[in-house]
Amino acid sequence: MKNSNIRKIVILGTLLAIEIVLSRFLSISTAIVKIGFAFVPVVTAAMLYGPVFAGCIAALGDFLGAILFPIGPYFPGFTLSAFIGGVIFGLILYNKEKTLLRIIAAAGLSLLVSSLILDTLWLYIITEDAALTALMPSRLIKFGIMLPIEVVVIKLLAMQKFVKFPLASEKK
């Protein structure tokens, strides 16, 4: 029992560190769009440990990344968006069969709610001068680029034999 808790803490800490590195150093960022693979450790946490842990990894990754490696001023709305995106992945993927439809739903809903709606709202609040009509085209392009990338990567991740994602029907 004690070893499983230590193992969980180590895995979650590693996923958090990977999320920060992928988000801050290995992504393409502009003032209003960020494209990268920081979703991978969040999705992994979602599939292994559920929505709360995935949301916490995403939120802590955003917060710690913003504090340790700032790109601009910290805005808590983006941390909230990250948490909600992680929770969505966990609600749809945790302890469930990783079908293509379920993966598309998880990636699409997470991108729609956290990136397209909430992050656009936060950018609108921050920039004050920019109209939503000016922000939306680039946000829609990001959605169109990231959705197929996330679906393919999550499907490949779910197919891996070295990471066991138990179904609810299996005994732990």
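Residues numbered from 1 in each chain as written. Predicted model: local features only at pLDDT ≥ 70, side-chain atom pairs only at ≥ 80, totals over all residues. Heavy atoms only, no water.

Chemist: Just to check I follow, could you spell out the packing of helix H2 (residues 39-49) against helix H6 (residues 132-159) for this structure?
Modeler: The relative placement of two packed helices is expressed as an angle between their axes plus a distance between the axes. In the contact formed by H2 and H6, the axes pass within 11 Å of each other and the chain directions differ by 45°. The angle between H2 and H6 falls in the class oblique. As H2 packs across H6, the resulting crossing turns out to be right-handed. Contact residues: Phe-39, Val-40, Val-43, Thr-44 and Met-47 in H2; Met-146, Ile-149, Glu-150, Val-153, Ile-154, Leu-157 and Ala-158 in H6. Among the residues forming the contact of H2 with H6, the class breakdown is 10 nonpolar, 1 polar and 1 charged. (Axes fitted to C-alpha atoms, helices over the stretch in contact; angles between N-to-C directions. Helix = DSSP H or I, 4+ residues; strand = E, 2+ residues; numbered from the N terminus. Parallel < 35°, antiparallel > 145°, perpendicular 65-115°, else oblique. Left-handed = near helix turned anticlockwise from the far one by under 90°. Contact = heavy atoms within 4.5 Å. Nonpolar A, V, L, I, M, F, W, Y, C, P; charged D, E, K, R; others polar.)

Chemist: Can you help me understand helix H3 (residues 51-68) in this one?
Modeler: Look at H3: 25 Å from first C-alpha to last across 18 residues, which is about the 26 Å you get at 1.5 Å a residue. Considered for burial, the residues of H3 that qualify are Pro-51, Ala-54, Gly-55, Ile-57, Ala-58, Ala-59, Gly-61, Asp-62, Gly-65 and Ala-66. (Expected span 1.5 Å × (residues − 1). Buried < 20%, exposed > 50% of the residue type's maximum accessible area, 1.4 Å probe, protein only.)

Chemist: What exactly am I supposed to notice about the layout of surface pockets here?
Modeler: The gaps left among the atoms become clear once a water-sized probe is rolled over them. Counted as a void, the largest pocket has a volume near 1200 Å³. Taken together, 42 residues line the largest pocket, and the ones lying closest to its centre are Lys-34, Asp-62, Phe-78, Asp-119 and Lys-142. Where the lining of the largest pocket is concerned, the elements lending two or more residues are helix H1 (2-24), strand E2 (34-35), H2, H3, helix H4 (76-93), helix H5 (100-127) and H6. Broken down by element, the lining of the largest pocket gets its largest block of residues, 8 residues, from H5. Classifying every residue of the lining of the largest pocket by side-chain character gives 21 nonpolar, 13 polar and 8 charged. (1 Å grid on protein atoms, 1.4 Å probe; cavity = no way out; pocket = protein on both sides within 12 Å on 5 of 7 lines; lining within 4 Å. Points joined across faces, edges and corners; volume = space filled by probe spheres on them.)

Chemist: I would appreciate a short explanation of the packing of H3 against H4 in the present structure.
Modeler: At their nearest, the axes of H3 and H4 sit 7 Å apart, and the two run at 155° to each other. By the criterion of interaxial angle, the relationship of H3 to H4 is roughly antiparallel. Crossing hand, H3 versus H4: right-handed. Facing H3, whose interface residues are Pro-51, Val-52, Ala-54, Gly-55, Cys-56, Ala-58, Ala-59, Asp-62 and Phe-63, H4 presents Phe-78, Thr-79, Ala-82, Phe-83, Gly-86, Val-87, Gly-90 and Leu-91. Partitioned by chemical class, the residues of the contact of H3 with H4 number 12 nonpolar, 4 polar and 1 charged.

Chemist: So what exactly am I meant to see when it comes to the environment of Asp-119 here?
Modeler: Checked against the element boundaries, Asp-119 lands in helix H5. Of the residues examined, Asp-119 reaches a relative accessible area of 14% and is grouped as buried. Once the C-alpha coordinates of Asp-119 and Thr-79 are considered, the two residues, 40 residues apart in sequence, prove to be 9.7 Å apart. When neighbours within four sequence positions are excluded, Asp-119 is seen to be in contact with Phe-78, Ser-81, Ser-114 and Arg-139. At a separation of 2.9 Å, a polar atom in the side chain of Asp-119 contacts the side chain of Ser-81. (Polar contact = N/O pair within 3.5 Å; in protein donor to acceptor, adjacent residues only side chain to side chain.)

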